[in-house]
Amino acid sequence: MYELFKNLGTWLTSGATWAGSDGIAHRLAEHLQYSLLATLIAAAIGLPLGLLIGHTGKGAFVAINLSSFGRALPTVGLVVLVFLAGGLSMLPVYVALVALAVPAIVTNTYAGMTAVDPDVRDAARGQGMRGHQVLFQVELPLALPLIMTGLRLALIQVVATATIAAYVSFGGLGRYVFDGLAQRDLVQVLGGAVLVAVVAVALDLALSGLQRFLFRHRTA
């Protein structure tokens, strides 16, 4: 075990491991690209849907059941299914990652909207605000902390799962996991797993810090 972690440290700190198109720096950039793009697409889908459901109160069963759907989603199976239907491209990976991220965004956005005090809504309407004004000027600002939590959860899930890009011969940090398994190189497999975990934790801490900074006045 000591030898394994010693070799892992050597692998992670070697200049050769970081250089070139197969190096950690390049694979990390690919992994972040996949993760951020998939999360942005998921946000473009999930945020309007969650806001609509939370504002109108219609279709709440969709938001509630999406959470269970997200946990039960067979990500690799979805990648294979879209791969068979659409051929070799990044499309299957993005479809799977977006499908994974949307439920967390929708459910947390819906939860944030439903947590808004009904009296606040009524007061806004009593002041003559229209539906869209109540949504964007009252409900959305109050729901933002939970909405951001949903975005955080979605991004971390996507970062952890973006290794599947290597499953269909693309890049990212998953290359080290799949290539290492194929080569029976345990150091490379462990190195890839450690890098994914570090990236996920780092992003979570960064977003958590940003969230506390943005909403510090609400707890002051």
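Structure: see above.
Figured I'd write up the structure that's included with this text. If you're wondering where the values come from, they're calculated on a predicted model, not measured in any experiment. (Residues numbered from 1 in each chain as written. Predicted model: local features only at pLDDT ≥ 70, side-chain atom pairs only at ≥ 80, totals over all residues. Heavy atoms only, no water.)

### Observations regarding helix H6 (residues 91–114)
So, step 1. For H6, spanning 24 residues, the distance from its first C-alpha to its last is 34 Å, which sits close to the expected 34 Å at 1.5 Å a residue.
So, step 2. With 19 of 24 residues buried, H6 lies mostly within the body of the structure. (Helix = DSSP H or I, 4+ residues; strand = E, 2+ residues; numbered from the N terminus. Expected span 1.5 Å × (residues − 1). Buried < 20%, exposed > 50% of the residue type's maximum accessible area, 1.4 Å probe, protein only.)

### Remarks on the pattern of salt bridges
So, step 1. Going through the model one piece at a time under the given rule, you end up with 5 salt bridges.
So, step 2. Between arginine 27 and aspartate 22 there is a salt bridge, with the nearest N and O atoms lying 2.7 Å from each other.
So, step 3. Between glutamate 139 and arginine 121 there is a salt bridge; the shortest N-O distance is 2.3 Å. With glutamate 139 in helix H8 (residues 131–161) and arginine 121 in helix H7 (residues 118–126), the pair connects residues that are 18 residues apart, well separated along the chain. Grouping residues by exposure puts glutamate 139 and arginine 121 together as buried. (Salt bridge = Lys/Arg side-chain N within 4 Å of Asp/Glu carboxyl O.)

### Quick word on the nonpolar core
So, step 1. Ranked by size, the top nonpolar core spans 24 residues in total, and within it Ala38, Ala42, Met90, Val93, Leu97 and Ile164 carry the most contacts.
So, step 2. Residue assignment for this core shows that the elements contributing at least two residues are helix H3 (24–56), helix H5 (75–86), H6 and H8.
So, step 3. Among the elements that line this core, the one with the most residues is H6, at 10 residues. (Core = buried A, V, L, I, M, F, W, Y, C linked by side-chain atoms within 4.5 Å.)

### Re H3
For the α-helix, the turn length of 3.6 residues means that residues three or four positions removed from each other point alike.
So, step 1. Relative to the 48 Å expected for 33 residues at 1.5 Å per residue, H3 spans 47 Å between its end C-alpha atoms, a close match to the ideal helical length.
So, step 2. Along its length, H3 reaches its greatest deviation from straightness, about 30 degrees, at alanine 43.
So, step 3. Of the residues one or two after H3, glycine 57 is the one with positive phi, at around 75 degrees. (Bend = angle between axes of the 7 residues up to and from the residue.)

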